[in-house]
Amino acid sequence: MSSIAAVGENYQKFNPRAYLQNNYMPPRADFSSDDFVVPWKLRCLAEAFGTGEIHGHTVIDIGSGPTIYQILSSPDHFEEIIMTDFLEVNREVLRRWLQAEPGSFDWSPYIKHACILEGKGEHWKDKERKLRDKVKHVLPIDIHQLKPLGSALTEPADALVSTFCLEAASPNYESFQKALENVTTLLKPGGHFLMIGALEESFYLAGEAKLLVVPVTEEDVKEAFTRCGYKICDFRTYVMPSSLKIGVDDVRGIFFVHAQKKTQA
Ligand SMILES: C[S@@+](CC[C@H](N)C(=O)[O-])C[C@H]1O[C@@H](n2cnc3c(N)ncnc32)[C@H](O)[C@@H]1O
Ligand SMILES: O=[N+]([O-])c1ccc2c(c1)CN[C@@H](CO)C2
């Protein structure tokens, strides 16, 4: 079995609820200080969209998983949001939240915080409703395919978002780089890519699953984007405080990159 196939096999044990518990509930879901990881992630995304540079018809979220925080600041800038994931269990969790099914994960603290960061006085229920209106598709994706969305995509998107996906789905740096090339085919020239990911992480837990992660440094990420034909517009790093190192992974830090796909070869 190839190492990529082995990653896919291992993901069959991924438990969305355990993953959400580990990463999106306290202590990691602490909104009490801008210095905590979730406010930092939301601020990176809100500020990038707040520049007004990133807009158009469609934005695709690559490897959404069971989470929606990563698209909270996008609805005002796009007509359509496409969410994607490798696993049906995650796509189902997303569909249930989108349909406001009882028992779905409570993202309201995240939605409220995004409204505060954006400073438009928007009520969080309005943002929630807008988000549900604009997510038009929840599609299967495999970043290791030359055409990650298969034939589901008719034309490239105006922007891409991806959080904790490429390094968590690639067995080594070479396949990380190749996956970036693959997903870049989904983006128009001149389009913007916002990515958040783990720095120097080698594994994370999601219930029974122990997922292997290719450890990447800030330089590895910058080099991958540059080699893939991007201009790096902004790059930020967050050092994981010891209080948030809770045994669910060995992540050392988090990166945020805002990159723009160059228009000519
Ligand atoms: C660490 S989770 C990230 C989830 C979410 N984006 C977040 O910010 O928490 C990694 C995600 O990558 C997905 N994944 C695994 N293999 C993949 C592949 N070959 N192509 C696309 N996504 C994949 C998993 O299903 C999982 O949802
Ligand atoms: O601190 N966080 O907010 C946070 C959120 C999600 C994830 C991490 C940390 C680290 N592990 C990745 C999977 O590779 C997933």
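Heads up: the structure comes first, above all this text.
This one's a predicted model, so the numbers in the text were calculated from it and none came from an experiment. Sequence order sets the numbering: in each chain, residues are counted from 1 along the sequence as written. Here every chain gets a letter starting at A, and every ligand a number starting at 1, in the order they are written. Local features in a predicted model are, by the rule used here, given only for residues with pLDDT of at least 70; side-chain atom pairs are given and counted only at 80 or more, and totals for whole chains, interfaces and linings are based on all residues. Think of the side-chain values as coming from all heavy atoms in the structure, minus any hydrogens and water.

### Section: the packing of helix α8 (residues 173-184) against helix α9 (residues 218-227)
Geometrically, a packed helix pair is captured by the angle between its two axes and the distance between the axes. Between α8 and α9, the least distance of the axes is 9 Å, while the angle of their chain directions is 40°. The angle between the axes of α8 and α9 places the two elements in the oblique class. Remark: the crossing between α8 and α9 carries right-handed chirality. The residues of α9 that touch α8, namely those facing Tyr-173, Phe-176, Gln-177 and Leu-180, are Asp-220, Glu-223, Ala-224, Phe-225 and Arg-227. Any residue that is not Ala, Val, Leu, Ile, Met, Phe, Trp, Tyr, Cys, Pro, Asp, Glu, Lys or Arg is counted as polar, Gly included; the first ten are nonpolar and the last four charged. For the contact of α8 with α9, the per-class residue count stands at five nonpolar, one polar and three charged. Each axis is a line fitted through C-alpha atoms, and for a helix only the stretch in contact is used; angles between axes span 0 to 180 degrees, taken between their N-to-C directions. Here a strand is any run of E in DSSP of at least two residues, a helix any run of H or I of at least four, and the numbering for each starts at the N terminus. Orientation is classified from the angle alone, with under 35 degrees giving roughly parallel, over 145 giving roughly antiparallel, 65 to 115 giving roughly perpendicular, and any other angle giving oblique. Here a crossing is taken to be left-handed if its near helix is turned anticlockwise relative to the far helix by less than a right angle, and right-handed if that turn runs clockwise. The contact definition used throughout considers only heavy atoms, calling two residues in contact when any of these lie within 4.5 Å.

### Brief notes about the nonpolar core
Nonpolar core, defined: a set of buried Ala, Val, Leu, Ile, Met, Phe, Trp, Tyr and Cys residues in which side-chain atoms within 4.5 Å join the residues together. Classification of residues uses two cut-offs on accessible area relative to the type maximum, computed with a 1.4 Å probe and protein chains only: under 20% is buried, over 50% is exposed, and between them is partly exposed. Residues Tyr-24, Leu-72, Trp-107, Tyr-110 and Tyr-204 are the most contacted members of the largest nonpolar core, which totals 54 residues. Formed by 32 residues, the second largest nonpolar core is a distinct cluster that contains Ala-169, Leu-187, Leu-199 and Tyr-230.

### Concerning the site of ligand 2
By nearness alone, 13 residues border ligand 2, and Tyr-19, Lys-41, Glu-201, Met-240 and Asp-249 come closest of all. At 3.3 Å from an oxygen atom of ligand 2 is found a side-chain nitrogen or oxygen belonging to Lys-41. In the analysis that follows, any N or O atom pair within 3.5 Å is treated as a polar contact, provided that within protein one partner can donate a hydrogen and the other can accept it, and provided that, for residues neighboring in sequence, both atoms belong to side chains. Asp-249 places a side-chain nitrogen or oxygen 3.5 Å from a nitrogen atom of ligand 2. Surface accessibility in these figures is a Shrake-Rupley result with a 1.4 Å probe; residues are shielded only by whichever protein chains are displayed. For ligand 2, whose accessible area on its own is 370 Å², the fraction buried by protein is 100%. When contributions to the shell around ligand 2 are tallied by element, the ones reaching two or more residues are α2 (16-24) and α3 (37-50). Element by element, the count of residues in the shell around ligand 2 is highest for α2, at three residues. Taken together, the residues that form the shell around ligand 2 break down as eight nonpolar, one polar and four charged. It suffices for a single heavy atom of a residue to lie within 4 Å of a molecule or strand for the residue to be listed as near it.

### Quick word on unusual backbone geometry
A cis amide bond, omega 5°, links Pro-26 with the succeeding residue Pro-27. Within the secondary structure, Pro-27 is located in the loop between α2 and α3. With phi around 55°, Ala-100 is a residue other than glycine that occupies positive phi space. Take Ala-100: its relative accessible area is 44%, and that puts it in the partly exposed class. Positioned with a positive phi, Glu-200 is a non-glycine residue whose angle comes to about 50°. Structurally, Glu-200 can be placed in the loop between β5 (187-199) and β6 (203-206).

### Points about the pairing of strand β2 (residues 78-85)
Among the eight residues that make up β2, six are buried, leaving the element largely enclosed by the rest of the structure. A pair of strands is treated as paired once DSSP finds two or more bridges between them. Note that strand β1 (residues 56-62) and β2 share five bridges and pair parallel. Opposite Asp-61, over in β2, you have Met-83 as the bridge partner. Where β2 meets strand β3 (residues 135-140), five bridges bridge the pair, whose relative direction is parallel. Its bridge partner lying in β3, Thr-84 is registered against Leu-139.

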